[in-house]
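# Reading the structure
As a plain string of letters, each chain reads:
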Amino acid sequence: MDKLQLVLDTFSGLNDEKILFSFWRHFPLLDLDPEKLAKAHINYYNRFNFDLMKISLHGRYPCVDFGCKIADEYDTISGSTRCANPVITKIEDWENIEQVDVNDGEFGKQLRAVELINRKLEFLPKINTIFSPLMVASKLDRNIEEHIKKEPKTIFEVLNILYEVISEFSMASLDFGADGLFIASQHLRTSSLTAKETNKFELYFIEKLIKRVRKNTPLTVLHIHGEDILFKKATERIITNAYNWHDQLTWPSLLEASRITKKGFLSGINEEKLVEGDKEAIISNIRESLEVTKQIKRNILAPGCVIPLGVEDESLDLIVKLINDFNRKL
């Protein structure tokens, strides 16, 4: 069976062949160069032979063309890049933000990486990482939530500009070889914004993005980042093939999520247990997740977010072995 169709069938509960899995992580320093980033992804796939690749572009890629200079240091846990300079320090700075051409600059570099990965791994389903407009705005403006409350009209206009750029980049990603999109949100949490603000500044633009790209791809995934998330509200409003969240660290569990939505999931791997490197804890986590996945059928075993830099390959080898052993008994 075609690998992409197997992924889609899994999210629809139609895969009786085997349990699939996916790993992804950041590749700091390498991810600033499209050729090196592509090679790192290809090597990672060759090392672990997973069923779905989430392309992990560096964590500030949508910010560079708007004035972010990438810092020399990166997050030592996740491997994500940082901006060395604040792009927006006051509300008036947003007036300088204009639409950019995604085929040039930093966006163009990311498309080059997608293209190079696809050349070597055309057969492998790949989803490219896309940040919601509000998530991009928050990386440019550390006071975005304060500015939303003070100048909602200005921020809404800015998000429209960012939406246009992000949607163009999303469409271009599909043209350059991505099979689908992994759309990330950091603002679908109970402590982030009011319900009205969440609807207007986050959900509205994600819905709009998915409607625009849906005719060009059969595969979209929503990543709901953080703890105390608005899972039920998000899955009711944002209709994608699957949802990814820190299911091992916050509500809902995978089993609970299966009762909330009939869509698919990328979940089940506890990143904290991987960092600790406790073999028995990893085995317990994976065996339990495999049993739940067998029961609900709509899950691809995956981490709740990027696999931290401190995780040893041997821990991931153990997960692969457990999955392969489990599949042989199906």
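Residues numbered from 1 in each chain as written. Predicted model: local features only at pLDDT ≥ 70, side-chain atom pairs only at ≥ 80, totals over all residues. Heavy atoms only, no water.

### Overview of the nonpolar core
Spelled out, the test is: Here, the term nonpolar core denotes a set of buried Ala, Val, Leu, Ile, Met, Phe, Trp, Tyr and Cys residues that are joined through side-chain atoms within 4.5 Å. The rule is simple: take the accessible area with a 1.4 Å probe, protein chains only, and divide by the maximum for that residue type; under 20% is buried, over 50% is exposed, in between is partly exposed. Each helix is a run of H or I in the DSSP string that is no shorter than four residues. Each strand is a run of E no shorter than two, and both are numbered from the N terminus. Two residues form a contact once any of their heavy atoms are found within 4.5 Å.
In this structure, Phe 23, Phe 50, Trp 94, Leu 162, Trp 245, Leu 316 and Ile 319 are the most contacted members of the largest nonpolar core, which totals 96 residues. Broken down by element, the residue count for this core peaks at eleven residues, all from helix α6 (residues 152-175). If we skip the residues at most four places from it in the chain, Ile 319 touches Phe 23, Ile 269, Leu 274, Ile 282 and Ile 286. Listed in part, the 18 residues of the second largest apolar core include Leu 4, Leu 6, Leu 8 and Ala 242.

### Quick notes on the packing of helix α4 (residues 133-140) against α6
Angle between the axes and distance between the axes are the two parameters that describe a pair of packed helices. To be explicit about the condition: A fitted line through C-alpha atoms serves as each axis, taken over the contacting stretch for helices, and the angle formed by two N-to-C directions is quoted from 0 to 180°. Working rule for angles: under 35 degrees goes down as roughly parallel, over 145 as roughly antiparallel, 65 to 115 as roughly perpendicular, anything else as oblique. Each crossing is labelled by how the near helix is turned from the far one, with a counterclockwise turn of less than a right angle marking it left-handed and a clockwise turn marking it right-handed. The nonpolar class holds Ala, Val, Leu, Ile, Met, Phe, Trp, Tyr, Cys and Pro. Asp, Glu, Lys and Arg form the charged class, and all remaining residues, Gly among them, are polar.
Where α4 meets α6, the axes come as close as 9 Å, and the angle between the chain directions of the two elements is 115°. Considering their axes alone, α4 and α6 lie roughly perpendicular with respect to each other. Note on packing geometry: the crossing formed by α4 with α6 is right-handed. Side by side, α4 and α6 meet where Pro 133, Leu 134, Val 136 and Ala 137 of the first sit next to Leu 159, Leu 162, Tyr 163 and Ile 166 of the second. A per-class count over the contact of α4 with α6 returns eight nonpolar, no polar and no charged.

### So, the state of the cysteines
Selection criterion: The disulfide criterion is simple: two cysteine sulfur atoms within 2.5 Å.
Here the structure, examined in full by the defined rule, presents one disulfide. Summary of cysteine pairing: Cys 63 is not part of a disulfide, and the nearest cysteine sulfur, belonging to Cys 83, is at 4.8 Å. Distance from the sulfur of Cys 305, which forms no disulfide, to the nearest cysteine sulfur (Cys 63) is 16 Å. Judged by relative accessible area, which is 16%, Cys 305 ranks as buried.

### So, the pattern of salt bridges
Under the convention used in this document: Note on definitions: salt bridges are taken to be side-chain nitrogens of Lys or Arg within 4 Å of carboxyl oxygens of Asp or Glu.
Evaluation of the coordinates by the stated rule reveals 19 salt bridges. Between Asp 313 and Arg 47 there is a salt bridge, with the nearest N and O atoms lying 3.9 Å from each other. Placement of the pair is Asp 313 in helix α12 (residues 313-329) and Arg 47 in helix α2 (residues 34-48), with a sequence separation of 266 residues. The class for Asp 313 is partly exposed, based on a relative accessible area of 32%.

### Examining the sheet that holds strand β2 (residues 126-131)
Rules: DSSP bridges decide pairing: two strands pair if at least two such bridges lie between them.
Overall, parallel pairing links the seven strands, which are arranged β1-β2-β3-β4-β5-β6-β7 in an open sheet. Both edges of this open sheet fall to β1 (53-55) and β7 (299-303), since each of them pairs with a single strand only. Going across the sheet, the axis of each strand differs from the next one's by a mean of 30°, ignoring polarity. Relative to strand β4 (residues 219-224), strand β3 (residues 180-185) runs parallel, the two being bridged by six bridges. By the bridge assignment, Ser 185 is partnered in β4 with Ile 224.

### Quick look at helix α11 (residues 279-296)
The condition is simple: Expected span of a helix, by definition, is 1.5 Å for each gap between consecutive residues, and there is one gap fewer than residues. Nitrogen and oxygen atoms within 3.5 Å of one another constitute a polar contact, given that in protein one can donate a hydrogen and the other can accept it, and given that sequence-neighbouring residues count only through two side-chain atoms.
Taking 1.5 Å per residue, 18 residues should reach 26 Å; α11 reaches 26 Å between its end C-alpha atoms and fits that length. Looking only at α11, the buried set comprises Ala 281, Ile 282, Ile 283, Asn 285, Ile 286, Ser 289, Leu 290, Val 292, Thr 293 and Ile 296. A distance of 3.0 Å separates the backbone nitrogen of Glu 280 from a side-chain oxygen at the start of α11, and that oxygen is part of Asp 278. Trailing α11 by a residue or two, Lys 297 shows a phi angle of about 75°, which is positive.

### A closer look at a negative patch on the surface
Using the following cut-off: Patch membership requires more than 30% relative accessible area and the absence of a salt bridge. Residues of like charge join within 9 Å; the nonpolar side chains Val, Leu, Ile, Met, Phe, Trp and Tyr join within 5 Å. Note on areas: these come from Shrake-Rupley sampling with a 1.4 Å probe, and a residue is covered only by the protein chains present in the view. Only four residue types enter the tally: Lys and Arg on the positive side, Asp and Glu on the negative side, with His and both chain ends excluded. Charged side chains are reduced to one point each, which is NZ for Lys, CZ for Arg, CG for Asp and CD for Glu.
Among the surface-exposed residues, Glu 227, Asp 228, Glu 272, Glu 276, Asp 278 and Glu 280 lie close enough to one another that they form a single negatively charged patch. Summarising the element assignment, Glu 280 is placed in helix α11. Judged by relative accessible area, which is 56%, Glu 280 ranks as exposed.

### Looking at the packing of aromatic side chains
We count it as follows: Centres within 6.5 Å are what make two rings of Phe, Tyr or Trp a pair, Trp counting through its six-membered ring; a difference in plane orientation under 30 degrees is then read as stacked, over 60 as edge-to-face, and the rest as tilted. Charge over a ring is defined by NZ of Lys or CZ of Arg lying within 6 Å of the ring centre and within 35 degrees of the ring normal.
The final tally for this structure, using the stated rule, is 21 aromatic pairs. Taken together, a centroid distance of 5.3 Å and an interplanar angle of 50° make the contact between Phe 156 and Phe 205 tilted. Taken together, the residues Phe 156 in helix α6 and Phe 205 in helix α7 (residues 195-213) connect sequence positions 49 residues apart. Given a relative accessible area of 22%, Phe 156 falls into the partly exposed group. Phe 205 sits in the buried class, given a relative accessible area of 0%. Ring geometry for Phe 231 and Trp 245: centres 4.8 Å apart, planes at 50°, overall tilted. Separated by 14 residues along the polypeptide, Phe 231 in helix α8 (residues 231-237) and Trp 245 in strand β5 (residues 242-245) bring together distant segments of the chain. Its relative accessible area of 0% is what places Trp 245 among the buried residues. Each residue in the set Phe 21, Phe 23, Phe 27, Tyr 44, Tyr 45, Phe 48, Phe 50 and Phe 123 is aromatic and connected to the rest through ring pairs, giving one cluster. One Lys or Arg, Lys 54, reaches over the ring of Phe 182 and ends 5.0 Å from the middle of that ring. The aromatic ring of Phe 131 is capped on one face by Lys 139, whose charged end is 5.3 Å from the ring centroid.

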